[in-house]
Amino acid sequence: MAIIDSALDTEALAKARALLNLPAPRQRLWPVVGAAGFFAVSALAFATAMILAPPLTSTPIAADRAVR
């Protein structure tokens, strides 16, 4: 059986295949968890402020303007 010579560079092909098969880099999870925690805490703080804040007016405006 005769060996067929190829015009392709086998070393370059091996390098290209190795580069294509590299594992994907792992993404860091802590920045995502930190941002989610920050927004959760800020949402709870705003909700608490809305519940605990006194109302702007305690009586209807019409009762303040009553004519005697």
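The structure contained in this document is the topic of the report that follows. (Residues numbered from 1 in each chain as written. Predicted model: local features only at pLDDT ≥ 70, side-chain atom pairs only at ≥ 80, totals over all residues. Heavy atoms only, no water.)

### A closer look at the overall build of the chain
Thinking step 1. Helix and strand counts for the chain come out as three helices and zero strands.
Thinking step 2. Sorting the 68 residues of the chain into buried and exposed places 0% on the buried side.
Thinking step 3. In the structure as shown, the chain presents an accessible area of about 7300 Å², 69% of it carried by carbon and sulfur atoms. (Helix = DSSP H or I, 4+ residues; strand = E, 2+ residues; numbered from the N terminus. Buried < 20%, exposed > 50% of the residue type's maximum accessible area, 1.4 Å probe, protein only. Areas by Shrake-Rupley, 256 points an atom, 1.4 Å probe, with all protein chains shown as cover.)

### Some thoughts on the packing of aromatic side chains
Thinking step 1. Applying the stated criterion across every chain yields a total of one aromatic pair.
Thinking step 2. Ring centres of Phe38 and Phe39 lie 5.3 Å apart, and the angle between their planes is 65°; on these two criteria the pair is classed as edge-to-face. Taken individually, Phe38 and Phe39 each receive the classification exposed, so the pair is uniform in this respect. (Phe/Tyr/Trp six-rings, centres within 6.5 Å; stacked < 30°, edge-to-face > 60°.)

### Section: a nonpolar patch on the surface
Thinking step 1. A contiguous nonpolar surface patch, about 480 Å² in accessible area, is contributed by Leu29, Trp30, Val32 and Val33.
Thinking step 2. Residue position: Val32 is located in helix α2 (residues 30-52).
Thinking step 3. In this structure Val32 comes out as exposed when scored by relative accessible area, which is 53%. (Patch = residues over 30% accessible without salt bridge, like charges linked within 9 Å, V, L, I, M, F, W, Y side chains within 5 Å. Salt bridge = Lys/Arg side-chain N within 4 Å of Asp/Glu carboxyl O.)

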